[in-house]
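# Report on the structure
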Amino acid sequence: MKKLYIFMKEYWFGFFISLILLFGFLFFLLVLVSPRYDLQKRGFIPCTETMAKNIMNCPEEKKFLCGIKAVLKNSWCDLGVIKQGFSLWFDGKQKTPWDNYIFEPVLPEDAFFENDVDRNMNMEQIKKLNEFMEMKDIQQNKDVLNEKTK
């Protein structure tokens, strides 16, 4: 017991910083492995969407500081999601503490394909469409340059 006391007396600061870094790394891993898209918008998804909106609404002259504040608010929101998971688990409303943010996401079926025509589009059609779009973009750029030179 005396050795532990001497160790903690001499190395308390390093031990404290190590615990902070460990908790930060575990928090980072939890957010990293959680789903990023879900139709029901569970887990960290609402926090991330709010953060993105806040960053997009930052004024240009204070973009950096405003962005840092939005990220910090997002971290507090994420911690609230983790706290809510522990509360629900403690109350017996979910099986594990992480069920509300690590889950199987509900994804839309064929979200990017509205009808059979899109599904049957082959690579040649996509390439032709891409070339057409590039030519249209080049023409628009030429029109803008012509207007500026007038």
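Notes on the structure in this doc start here.

## With respect to the overall build of the chain
Helix and strand counts for the chain stand at five helices and zero strands. Expected size for 150 residues packed as a compact globule is a radius of gyration near 15 Å; at 25 Å, the chain overshoots this value by more than 25%. With the principal axes as the frame, the chain shows a C-alpha extent of 85 × 45 × 25 Å. Residues counted as buried form 15% of the 150 residues belonging to the chain. Considering only contacts within the chain whose residues lie at least 6 apart along the sequence, 53% involve residues at least 24 apart.

## Some thoughts on the layout of surface pockets
Estimated volume of the largest pocket: approximately 170 Å³. In this structure, the largest pocket is lined by Phe23, Leu26, Phe27, Leu30, Leu79, Ile82, Phe86, Trp98 and Tyr101. Examining the composition of the lining of the largest pocket, we find that four residues originate from one element, helix α1 (residues 2-33), more than from any other. Classifying every residue of the lining of the largest pocket gives nine nonpolar, no polar and no charged.

## What about the state of the cysteines?
One pass over the structure, following the stated rule, counts two disulfides. Cys47 shares a disulfide with Cys77; S-S distance 1.9 Å. Taking the sign of the torsion about the S-S bond as the criterion, the disulfide between Cys47 and Cys77, at about -65°, is left-handed. Of the two residues, Cys47 sits in helix α2 (residues 45-56) while Cys77 sits in helix α3 (residues 63-90), which places them 30 residues apart along the sequence. By relative accessible area, which is 33% here, Cys77 ends up partly exposed.

## Thoughts on α2
Its twelve residues place the ends of α2 17 Å apart at the C-alpha level, agreeing with the 16 Å of an ideal helix rising 1.5 Å per residue. Residues of α2 that are buried include every one of Ile45, Cys47 and Met51, and no others. Along the long axis of α2, the arc covered by the buried residues comes to 160°, so they all point the same way. Seen from the open side of α2, the exposed residues pointing more than 90 degrees away from its buried face are Lys53 and Met56. Summarising the contacts, the buried residues of α2 are in contact with α3.

Scoring rules and cut-offs
Residues numbered from 1 in each chain as written. Predicted model: local features only at pLDDT ≥ 70, side-chain atom pairs only at ≥ 80, totals over all residues. Heavy atoms only, no water. Helix = DSSP H or I, 4+ residues; strand = E, 2+ residues; numbered from the N terminus. Rg over C-alpha atoms; globule rule 2.2 N^0.38 Å. Buried < 20%, exposed > 50% of the residue type's maximum accessible area, 1.4 Å probe, protein only. Contact = heavy atoms within 4.5 Å. 1 Å grid on protein atoms, 1.4 Å probe; cavity = no way out; pocket = protein on both sides within 12 Å on 5 of 7 lines; lining within 4 Å. Points joined across faces, edges and corners; volume = space filled by probe spheres on them. Nonpolar A, V, L, I, M, F, W, Y, C, P; charged D, E, K, R; others polar. Disulfide = S-S within 2.5 Å. Expected span 1.5 Å × (residues − 1). Arc of directions from axis to C-beta.

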